[in-house]
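Each chain, letter by letter, is given below.
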Amino acid sequence: MSLFSPTTVGDVDVRNRVSLAPMTRLRSGADGVPGPIVAKYYAQRAGIGLLVTEGVYPSAESRAYPGQPGIVTDAQAAGWAKVADAVHAEGGTIFMQLMNGGRVTHPLITGTDRIVAPSAIAIEGDTRLADGTKVAYPVPHALETDELATVRDEFVAAARRAVDAGIDGVELHSANGYLLHEFLSPASNQRTDEYGGSPEARARFVIEVARAVVAEVGAGRVGIRISPAHNIQDVWEKDDAETRATYEALVAGLAPLGLAYVSVLHSDPAGELVQDLRRAFGGTFIVNSGFSLVTTRDEAIAAIDDDIADLVAVGRPAIANPDLVTRWERGADENEVHQPSVYGPDERGYTDYPFLEG
Ligand SMILES: Cc1cc2nc3c(=O)[nH]c(=O)nc-3n(C[C@H](O)[C@H](O)[C@H](O)COP(=O)(O)O)c2cc1C
């Protein structure tokens, strides 16, 4: 068993143990429809065992960024069907990351009046509109207890649309400070109902969303991404007992569901917290070493050889190297990321990175 050997993730067989880490690239325009360049981008990377898309919004009010794609309208679903077809034509596998942006957005981005979160606490600082103008993050609407079912059902409907479009499965985005992560952290979740106040209560909504999505599309088509102790977008999550207890409660609730995988972003994937969560989950486990470090070939190979994880998610190196797995197998040089074109709007810095010759 090595990074380059095939395995199974939930209901699907994958050709190696590299996963494309979800990466927002903002190339889907004002209508959030992934067009031909998005299909080309993912198809170019189909040599990676498990592709996971950028965060895709499941409802208009949950869109976090201009140019981000959605899975709400028929046109968006049709765009994703073409992405799925293009990836499958290359023999690849693709899961869609479902991302409710929660309070990490603005009404001028969503086009809706309401921005939602567990509690009415704004992120300090600004976000950017499509024209680059900075606007302060708004104070979000704290979801009423009886509004949670609607948010949950948006994930369910989005998962159904994704799978019906031919996407192989969905990944629930419960990391990096977006809505589901906001429920997990005591800084962003100060609720006094049964969805806040204790580690178990803060984990409850995420588990309920996972259970409902599993009921709709089957456990073998549902993964989840978490980033324990990742202090980002004002979730202020610390590496402490409270965080550990929250993620233990979460994984205890997820384990019986038989999910396709848990994917963890953490700067020390081999460390105690991540490995304890892996044991508690007991199923397919994907790791990624987080924003502060770039995942390298040698680290990825070692993570599988040393049995730290079942797959390794790789982000930035796969932006610049569509044939990353071939390069890593051969120990070939890698293209560097062109930073100014990481985000939108066109093929430059997206689908024009060179493949290895010959
Ligand atoms: C441009 C960019 C966009 C990203 N967008 C997402 C996203 O939509 N969802 C997500 O869970 N993580 C996102 N991430 C985090 C990556 O999945 C990954 O965890 C991070 O880049 C660290 O891995 P790396 O060192 O291999 O790049 C993004 C990272 C980058 C660089």
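For the structure, check the block above.
Conventions we followed
- Residues numbered from 1 in each chain as written.
- Predicted model: local features only at pLDDT ≥ 70, side-chain atom pairs only at ≥ 80, totals over all residues.
- Heavy atoms only, no water.
- Phe/Tyr/Trp six-rings, centres within 6.5 Å; stacked < 30°, edge-to-face > 60°.
- Helix = DSSP H or I, 4+ residues; strand = E, 2+ residues; numbered from the N terminus.
- Buried < 20%, exposed > 50% of the residue type's maximum accessible area, 1.4 Å probe, protein only.
- Pairing = 2+ DSSP bridges.
- Axes fitted to C-alpha atoms, helices over the stretch in contact; angles between N-to-C directions.
- Contact = heavy atoms within 4.5 Å.
- Near = heavy atom within 4 Å.
- Polar contact = N/O pair within 3.5 Å; in protein donor to acceptor, adjacent residues only side chain to side chain.
- Nonpolar A, V, L, I, M, F, W, Y, C, P; charged D, E, K, R; others polar.
- Left-handed = near helix turned anticlockwise from the far one by under 90°.

J.: Run through the packing of aromatic side chains, naming residues and quoting values.
T.: Under the definition given, this model contains six aromatic pairs. Residues Phe-95 and Tyr-261 carry aromatic rings whose centres are separated by 5.7 Å and whose planes lie at 45° to one another, so their mutual orientation is tilted. Taken together, the residues Phe-95 in strand S5 (residues 94–98) and Tyr-261 in strand S12 (residues 261–265) connect sequence positions 166 residues apart. Take Phe-95: its relative accessible area is 0%, and that puts it in the buried class. Ring centres 4.7 Å apart and planes at 40° place the aromatic pair Phe-183 and Phe-205 in the tilted group. Of the two residues, Phe-183 sits in helix H5 (residues 179–184) while Phe-205 sits in helix H6 (residues 199–217), which places them 22 residues apart along the sequence. As far as burial versus exposure is concerned, Phe-183 and Phe-205 are alike and both buried.

J.: Tell me about the sheet that holds strand S3 (residues 18–20), residues and numbers included.
T.: Taken together, the eight strands give a closed barrel; going around it, the order is S3-S4-S5-S10-S11-S12-S13-S14, and neighbouring strands pair in parallel fashion. The mean inter-strand angle of the sheet, taken between neighbouring strand axes irrespective of direction, is 25°. Set on the sheet, helix H4 (residues 148–164) makes contact with S5 and strand S10 (169–174); between it and S5 the angle comes to about 160°. Against the sheet, H6 touches S10 and strand S11 (222–226), its axis set at about 170° to S10.

J.: Summarise the site of the ligand; cite the residues concerned and give the values.
T.: Around the ligand, the structure places 22 residues, and the nearest of them are Pro-22, Thr-24, Gln-97, Gly-315 and Arg-316. In the model, an oxygen atom of the ligand is placed 2.6 Å from a nitrogen or oxygen of the Thr-24 side chain. Take Arg-225: an N or O atom from its side chain is 2.8 Å from an oxygen atom of the ligand. When its residues are assigned to classes, the shell around the ligand shows 11 nonpolar, nine polar and two charged.

J.: Explain the packing of H4 against H6 to me, using residue names and the numbers behind them.
T.: Close contact between H4 and H6 brings their axes to 9 Å; oriented N to C, the two are set at 35°. Handedness of the crossing formed by H4 with H6: right-handed. Together, Leu-148, Val-151, Arg-152, Phe-155, Val-156, Ala-159, Arg-160 and Val-163 of H4 and Phe-205, Glu-208, Val-209, Ala-212, Val-213, Glu-216 and Val-217 of H6 make up the contact between the two elements.

J.: Please provide a residue-by-residue account of the environment of Ser-185, values included.
T.: Mapped onto the elements, Ser-185 comes out in the loop between H5 and H6. For Ser-185 and Val-294, which are 109 residues apart along the polypeptide, the C-alpha to C-alpha distance reads 26 Å. Residues within four places of Ser-185 in sequence aside, it is in contact with Arg-202, Val-235 and Glu-237.

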